[in-house]
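Close look at the chain arrangement
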Amino acid sequence: MIALNFPSYNFRFKNKENKLAIFDVIRKKFILLTPEEWVRQHVIHFLIEEKNTPKQLLNVEKQLLINKLSKRYDVLAYLPSGKIQLIVECKAPSVKITQETFDQIARYNLVTQANYLMVTNGIKHYFCKMNYKEKRYDFLIDIPAYSHENN
């Protein structure tokens with residue numbers, strides 16, 4: 001896998017049916033290592049190790065219903081209140097981040113109502129703070145470190 005624009009982390013790998021798998025500390029199991037999974041695992045460690053997000057408040061690859069269609073988000077970070085602090089959309093490093101990617105996370109956020117959005121392909125990261133009052137998102141250089149008061 002290629003080097004990504006994240007700090008380096010210690011990952012656990014294993015060979016599973018002649019395919020490489022990476023251990024997901026949230027799902028607590030080995031996951032087939034695809035380029036998108038490589039980005040997702042970096043995001044998880046980034047949130048835990050750099051942003052101090054408690055593991056128990058992270059959720060990975062779960063179903064979301066949008067207009068009766070089943071979709072899967074990549075990563076959510078919750079506040080202790082149950083409100084969603086952050087939704088992350090991960091793409092493989094070879095996938096260019098486009099308006100379509102922002103449209104995708106915006107559709108997901110119609111349901112999640114997160115405070116922050118993150119879109120990344122592991123090379124380029126985009127961070128936004130939602131401004132629900134003015135119905136827009138404001139781009140940020142980075143997202144703040146986790147705090148249960150960041151609501």
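Up top is the structure these notes are about.
Residues numbered from 1 in each chain as written. Predicted model: local features only at pLDDT ≥ 70, side-chain atom pairs only at ≥ 80, totals over all residues. Heavy atoms only, no water.

Some details on helix 1 (residues 35-50)
Compared with an ideal rise of 1.5 Å per residue, which puts 16 residues at 22 Å, helix 1 spans 22 Å between its outermost C-alpha atoms and is within 8% of the ideal. The buried fraction of helix 1 amounts to 12 of the 16 residues, a majority that puts the element mostly inside the structure. Along helix 1, the residues classified as buried are Glu37, Trp38, Val39, Arg40, Gln41, His42, Val43, Ile44, His45, Phe46, Leu47 and Ile48. In the segment just after helix 1, Asn52 is the residue with positive phi, at about 60°. (Helix = DSSP H or I, 4+ residues; strand = E, 2+ residues; numbered from the N terminus. Expected span 1.5 Å × (residues − 1). Buried < 20%, exposed > 50% of the residue type's maximum accessible area, 1.4 Å probe, protein only.)

Looking at the sheet that holds strand 11 (residues 136-140)
Two strands in a sheet stick together by hydrogen bonds in their backbones, pointing the same way (parallel) or opposite ways (antiparallel). Reading across the sheet, the six strands line up as 4-7-8-9-10-11 and stay open at both edges, with mixed pairing between neighbours. The sheet is open, and its two borders are formed by strand 4 (58-60) and strand 11, each paired with just one other strand. Taken pair by pair, the neighbouring strands of this sheet meet at an average axis angle of 20°, ignoring direction. Contacts from helix 2 (residues 99-112) reach strand 7 (75-78), strand 8 (84-90), strand 9 (116-120), strand 10 (125-131) and strand 11, with the element oriented near 150° to strand 8. (Pairing = 2+ DSSP bridges. Axes fitted to C-alpha atoms, helices over the stretch in contact; angles between N-to-C directions. Contact = heavy atoms within 4.5 Å.)

As for empty space enclosed by the protein
The final tally for this structure, using the stated rule, is one cavity of 30 Å³ or more. Within this model, the largest cavity holds a volume of roughly 80 Å³. When grouped by side-chain class, the residues that make up the lining of the largest cavity number eight nonpolar, three polar and one charged. (1 Å grid on protein atoms, 1.4 Å probe; cavity = no way out; pocket = protein on both sides within 12 Å on 5 of 7 lines; lining within 4 Å. Points joined across faces, edges and corners; volume = space filled by probe spheres on them. Nonpolar A, V, L, I, M, F, W, Y, C, P; charged D, E, K, R; others polar.)

Observations concerning the packing of aromatic side chains
Counting across every chain of the model gives 10 aromatic pairs. Judged by centre distance (5.2 Å) and plane angle (65°), the ring pair of Phe23 and Phe30 falls under edge-to-face. The residues Phe23 and Phe30 share a single accessibility class, namely buried. Judged by centre distance (6.3 Å) and plane angle (25°), the ring pair of Phe102 and Tyr137 falls under stacked. Here the residue Phe102 occupies a position in helix 2, and Tyr137 occupies one in strand 11, the gap between them amounting to 35 residues. Residue classification places Phe102 among the buried residues on the basis of a relative accessible area of 9%. Exposure remark for Tyr137: the relative accessible area of 26% places this residue in the partly exposed category. (Phe/Tyr/Trp six-rings, centres within 6.5 Å; stacked < 30°, edge-to-face > 60°.)

Concerning the pattern of salt bridges
Summed over the entire model, instances satisfying the criterion amount to 11 salt bridges. For the salt bridge of Arg27 with Asp24, the shortest nitrogen-to-oxygen distance reads 2.7 Å. A salt bridge links Glu89 to Lys91, with the nearest nitrogen and oxygen atoms 3.4 Å apart. Residue classification places Lys91 among the buried positions, given a relative accessible area of 16%. Ionic contacts of the salt-bridge type, sharing partners, join the residues Asp24, Arg27, Glu36, Glu37, Arg40, Glu61 and Asp74 into one network. (Salt bridge = Lys/Arg side-chain N within 4 Å of Asp/Glu carboxyl O.)

Structural notes on the sheet that holds strand 1 (residues 13-16)
Strands sit in the order 1-2-3 across an open sheet of three strands; the sheet is antiparallel. Where the open sheet ends on each side, the last strands, each with one partner, are strand 1 and strand 3 (29-32). Ignoring strand direction, the axes of neighbouring strands in this sheet form an average angle of 45°. Contacts between helix 1 and the sheet are confined to strand 1, strand 2 (19-24) and strand 3, with strand 2 contributing the most and set at about 20° to the helix.

A look at the side chain of Asn59
Structurally, Asn59 is set in strand 4. Look past the residues within four positions of Asn59 in its chain and what remains in contact with it is Ile26, Tyr73, Asp74, Val75, Leu76 and Tyr78.

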